Amino acid sequence: MDTDTVRSAAADDSAGRRREQRGWYFYDWACSVYSTSVLTVFLGPYLTSVAEAAADADGFVHPLGVPVRAGSFFAYAVSLSVVVAVLVMPLVGAAADRTGRKKPLLAAAAYTGAAATAGMFFLDGDRYLLGGLLLVAANAAQSVAMMLYNSYLPQIAPPEERDAVSSRGWAFGYAAGALVLVANLVLYTGHESFGVSEGMAVRICLASAGLWWGAFALIPLRRLRDRRTPAREAALPGFRQLAATVRDMRRHPLTLAFLLAYLVYNDGIQTVISQASVYGSRELGLGQSTLIVAVLLVQVLAVAGALLLGRLARRYGAKRTILGSLVAWTLTLAAGYFLPAGAPGWFFVLAAGIGLVLGGSQALSRSLFSQLVPPGKEAEYFSAYEISDRGLSWLGPLLFGLTYQLTGSYRDAIVSLVGFFVLGFVLLARVPVRRAIADAGNPVPQRI
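Residues numbered from 1 in each chain as written. Predicted model: local features only at pLDDT ≥ 70, side-chain atom pairs only at ≥ 80, totals over all residues. Heavy atoms only, no water.

> What is the right way to read the overall build of the chain from this model?
Looking only at helices and strands, one finds 18 helices and two strands in the chain. Over its C-alpha trace the chain gives a radius of gyration of 22 Å, about what one expects of a compact globule, namely 22 Å for 448 residues. When burial is assessed residue by residue, the chain has 53% of its 448 residues classed as buried. Sequence-distant contacts in the chain: of pairs separated by 6 or more residues, those separated by 24 or more amount to 83%. For the chain, the exposed area adds up to about 19000 Å²; of that, 63% sits on carbon and sulfur atoms. (Helix = DSSP H or I, 4+ residues; strand = E, 2+ residues; numbered from the N terminus. Rg over C-alpha atoms; globule rule 2.2 N^0.38 Å. Buried < 20%, exposed > 50% of the residue type's maximum accessible area, 1.4 Å probe, protein only. Contact = heavy atoms within 4.5 Å. Areas by Shrake-Rupley, 256 points an atom, 1.4 Å probe, with all protein chains shown as cover.)

> Explain a positive patch on the surface here, please?
A grouping of Arg315, Arg320, Arg434 and Arg447 is seen on the molecular surface, where their side chains present a positively charged patch. Relative to the helices and strands, Arg320 is located in helix α12 (residues 318-337). Given the relative accessible area of 61%, Arg320 is considered exposed. (Patch = residues over 30% accessible without salt bridge, like charges linked within 9 Å, V, L, I, M, F, W, Y side chains within 5 Å. Salt bridge = Lys/Arg side-chain N within 4 Å of Asp/Glu carboxyl O. Lys, Arg positive; Asp, Glu negative; His and termini not counted. Charge placed at Lys NZ, Arg CZ, Asp CG, Glu CD.)

> For this particular structure, what's the right way to read the packing of helix α3 (residues 102-118) against helix α7 (residues 198-216)?
Packed helices, taken two at a time, are described by the angle their axes make and the gap between the axes. Following both chains from N to C, one finds α3 and α7 inclined at 155°, their axes separated by 7 Å at the closest point. Considered as vectors, α3 and α7 are oriented roughly antiparallel to each other. As for the relative orientation of α3 and α7, their crossing is left-handed in sense. Contacts between α3 and α7 involve Ala110, Tyr111, Gly113, Ala114, Thr117 and Ala118 from the first element and Leu206, Ala207, Ala209, Gly210, Leu211, Trp213 and Gly214 from the second. Here the residues of the contact of α3 with α7 are counted per class, giving nine nonpolar, four polar and no charged. (Axes fitted to C-alpha atoms, helices over the stretch in contact; angles between N-to-C directions. Parallel < 35°, antiparallel > 145°, perpendicular 65-115°, else oblique. Left-handed = near helix turned anticlockwise from the far one by under 90°. Nonpolar A, V, L, I, M, F, W, Y, C, P; charged D, E, K, R; others polar.)

> Could you clarify how one ought to interpret the pattern of salt bridges in this entry?
When the charged atoms of two side chains lie near each other, side chains of opposite charge can form a pair. This structure, assessed with the given rule, holds seven salt bridges. A salt bridge links Glu20 to Arg225; the shortest N-O distance between them is 3.4 Å. With a gap of 205 residues between them, Glu20 in helix α1 (residues 3-54) and Arg225 in the loop between α8 (218-223) and α9 (238-249) connect regions that are remote in the sequence. Each of Arg17, Arg18 and Glu161 takes part in one network of salt bridges that share partners.

> When you look at the confidence of the model for the chain in this model, what are you seeing that I'm missing?
A low pLDDT score tells you not to read the predicted coordinates there in detail. Here the chain shows a mean pLDDT of 85. Residues at 70 or above account for 91%. Ranking the elements of the chain by mean pLDDT puts α9 last, at 69, and α3 first, at 96. Every residue in residues 231-235 is under pLDDT 50, and counting partners more than four places away or in other chains gives 13 contacts. (pLDDT = per-residue confidence, 0-100.)

> Explanation requested: the packing of α12 against helix α17 (residues 418-429) in the structure shown.
Contact geometry of α12 with α17 gives a least axis separation of 9 Å together with a crossing angle of 165°. Viewed along their axes, α12 and α17 adopt a mutual orientation that is roughly antiparallel. Pair α12 / α17 crosses with left-handed handedness. Residues Lys319, Ile322, Leu323, Leu326, Val327, Trp329, Thr330 and Leu333 of α12 lie in contact with α17, whose contacting residues are Val418, Phe421, Val422, Gly424, Phe425, Leu428 and Ala429. For the contact of α12 with α17, the residue count by class is 12 nonpolar, two polar and one charged.

> What is the right way to look at the side chain of Asn442 in this model?
Mapping Asn442 onto the fold places it in the segment after α18 (433-439). Look at Asn442 and you get buried, because its relative accessible area is 14%. Within polar-contact distance, the side chain of Asn442 engages the backbone oxygen of Gln371 at 2.7 Å. Not counting the four nearest positions on each side in its chain, Asn442 is found in contact with Ser370, Gln371, Leu372, Val373, Pro375 and Ile437. (Polar contact = N/O pair within 3.5 Å; in protein donor to acceptor, adjacent residues only side chain to side chain.)

> Any chance you could explain a nonpolar patch on the surface here in plain terms?
Where nonpolar side chains cluster on the molecular surface, the patch consists of Val327, Leu331, Val422, Leu423, Phe425 and Val426 and spans about 490 Å² of accessible area. Counting only elements with at least two residues in the nonpolar patch, the list comes to α12 and α17. At four residues, the largest contribution of residues to the nonpolar patch is made by α17.

> Even after reading the chapter, I still don't get α7, so can you show me in this structure?
Two residues of an α-helix separated by three or four positions point the same way, owing to the 3.6 residues in each turn. Over its 19 residues, α7 runs 27 Å from end to end, which matches the ideal 27 Å to within 8%, given 1.5 Å per residue. Among the residues of α7, those classed as buried are Ala201, Val202, Arg203, Cys205, Leu206, Ala207, Ala209, Gly210, Trp212, Trp213 and Gly214. (Expected span 1.5 Å × (residues − 1).)

This is the structure in structure tokens:
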């Protein structure tokens, strides 16, 4: 084969890879709106109000005859969705690796989630059971789809590109979340001028997230392509498959060590995300509009943060950059302890600090983990990663709640989360990532 032919083939391969990467970014663009507008802002308060409308005189609803306090229904539904996802993800991940046909599975999960979210338009009156079922379906489907989506990263980007590609994906997601949240807030705050009730405005916001998800998911589904893999044994049911994956990981202890470090510091990240609004409203006395603006600020700055940390990773390596982000998380929480009550400006500064490190720390963790996955087991290993990301982030909220219960102070509760970032830093610092990459059977990039 002559030199020109080789160069032409290399150029075609590079162009095809870039096309896939651009398509891959758009799945973050498609599904992140669900996380921002539905889970973070609108669904919790609205579904709780629907459950309260259906409650008896003592404030309880009775799904399947089980008494549940109306104010707890949303949290229980989220927990059930996590259980469903934990059961399904290992099975789907193993099937994807065994067949090499990830795209049909991604399409099924994405459109299950999008349809369930769009169906939230019909959540009115006292239809709390419908809301719970749609939430479980949407949340579990999103987890499964994200696992499959993440598992494409090692296949569409060589090692030296993964930090940048992963960071761009996160940036796309946060940009979409901010864009749609602005439109949602315009409708919600001005619903009377649009001639709709407040409840109808919320239902439109919920359903629009599902329509957005389904429409933009078409782009990655058109551009990503399946890769055939050698035939493997049949997938095992649920937890048995997860246990088999963990046993396989024991052959790669350094990969498992990274996953443990990620589990710890990500638990801190997820707890800050979920509890920051509680801290702002209860401890600092800030109003709902202030908290929503803070969420929007986090979304906007997370775009810049993901891209900035991606650039730093190219210069200093992903591991060092993640370690630096954990230091920044620690300092941000420490500063949050001293925020004065009734001062939204300082809360916005805290939100800005969170936004700048949020996207980058998550994006680089994803790209670094992709280097530690044995070839041919991407979906299976990313199912364990996704479970770490979503299914095991319970210890942080528990510590937050217990600290508040014992001290009566949300300031003590928020600063108690520093331990997750300190311990995560120590565990990650001890992982020799170059040796871990080599042990997984992957080429070691020049800078990691």
